[in-house]
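# A closer look at the structure
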Amino acid sequence: MVYRAAVTGDAGPNKRYSWWRGVGRRVVVRALSGSVLGWWLVSCGGTTPKPAAPREEVSLEPPACKADEVREYRCDALLPRTSALPAPAPYETCPSALEVNDAVFPSPSGAGRFDASRTERARRRAPPGTQCCYSWCGKIAVVDPAKVVDRCREPLAFHESYCIAELESGTRGALAGAPYGACPAAIRPPEATAFSVPNGALLDTRLTTARRRGNEALCCYGWCSIAPPGTALERSGP
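Fair warning: this is a prediction, and the values are worked out from it, not measured in the lab.

Cut-off values and rules
Residues numbered from 1 in each chain as written. Predicted model: local features only at pLDDT ≥ 70, side-chain atom pairs only at ≥ 80, totals over all residues. Heavy atoms only, no water. Phe/Tyr/Trp six-rings, centres within 6.5 Å; stacked < 30°, edge-to-face > 60°. Helix = DSSP H or I, 4+ residues; strand = E, 2+ residues; numbered from the N terminus. Buried < 20%, exposed > 50% of the residue type's maximum accessible area, 1.4 Å probe, protein only. Disulfide = S-S within 2.5 Å. Pairing = 2+ DSSP bridges. Axes fitted to C-alpha atoms, helices over the stretch in contact; angles between N-to-C directions.

### Observations concerning the packing of aromatic side chains
Inspection of every chain in the model, using the stated rule, returns four aromatic pairs. Considering the side-chain rings of Tyr91 and Phe114, the 5.1 Å spacing of their centres and the 45° angle between planes classify their relative orientation as tilted. Of the two residues, Tyr91 is situated in the loop between β1 (69-77) and β2 (97-99) and Phe114 in strand β3 (residues 111-114); the sequence distance between them amounts to 23 residues. Centroid distance Phe114 to Tyr134: 5.9 Å. Interplanar angle 75°. Geometry classified as edge-to-face. Of this pair, Phe114 sits in strand β3 while Tyr134 sits in strand β4 (residues 131-139), and the two are 20 residues apart along the sequence. In this structure Tyr134 comes out as buried when scored by relative accessible area, which is 0%. Grouping aromatic residues by their ring pairs yields a cluster made of Tyr91, Phe114 and Tyr134.

### Re the state of the cysteines
Counted according to the given criterion, the structure contains six disulfides. Between the sulfur atoms of Cys94 and its disulfide mate Cys132 the distance is 2.0 Å. Between Cys94 and Cys132, the disulfide has an S-S torsion of -75° and is therefore left-handed. You can see Cys94 sitting in the loop between β1 and β2 and its partner Cys132 sitting in strand β4, a full 38 residues away along the chain. Of the two residues examined, Cys94 and Cys132, each falls in the buried class. Linked covalently through their sulfurs, Cys152 and Cys224 form a disulfide whose S-S length is 2.0 Å. The chirality of the disulfide connecting Cys152 with Cys224 is right-handed, given an S-S dihedral of about 100°. Residue Cys152 is located in the loop between β4 and β5 (157-165), and its partner Cys224 is located in strand β8 (residues 218-226); the two are separated by 72 residues in the primary sequence. Disulfides within the chain link the bonded cysteines, taken in sequence order, as 1-6, 2-5, 3-4, 7-12, 8-11, 9-10.

### Some thoughts on the sheet that holds β4
On the basis of which strands lie adjacent, the open sheet formed by four strands has the order β1-β4-β3-β2 and antiparallel pairing. Each edge of the sheet is formed by a strand with only one pairing partner; in this case those strands are β1 and β2. In this sheet, adjacent strand axes meet at a mean angle of 30° when their direction is disregarded. The pairing of β3 with β4 spans two bridges and is antiparallel.

### Quick notes on the sheet that holds strand β6 (residues 186-187)
Pairing in this open sheet of four strands is antiparallel, and the strands run β5-β8-β7-β6 from one edge to the other. Edge positions in the sheet fall to β5 and β6, since each of these pairs with one other strand and no more. Where strand β7 (residues 201-203) and β8 come together, two bridges link them in antiparallel fashion. Bridge assignment links Leu203 to a residue of β8, and that residue is Tyr221.

Encoded structure:
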């Protein structure tokens, strides 16, 4: 009967046992409940959650490029949307960074950071102003201008050119003369911009002056690539 009463809760003739069931049991249940509850809270709640890592502040302007680095830009007319890491106000519809896979001078991170000043420039030039612009810094190859070989007099030579932005932190090489003192005197054009990459290209002051009329601080370089025979690009005159 004791086993049956303890399990089923049936009353029995033993009053001492009945008192234990009525009073002592409540004490034990409360004690057990407290310990079980504490264990449950620890096991379910786990350790105290760590505070969230501070969110990185996103600047309206990317940091300046280093010496012998050039800034490149990319603008996209992105539709208004939400982003996990948006650009600061009032550009919240723009992501704070954009993956760039087609850079002429690639960024080490493979991404461009939001550039507010470039965004404003693009939106003024192409209303209604949904563009989001990004920029990054890529390494350029600065060469000694004295070592640049002029190939423009060769029979299969044809002229090519490419413009880059002024260098923000200068160069360890030779600089062009005034008013182009923020331009390297000569660079090696990147493969993406040349039919056949020369050993170096000198600053083209005439082209640079013409391109700067658009209020863009550019440095333009010219060189001659050599076409393969039979491509109808042979020089027709001296």
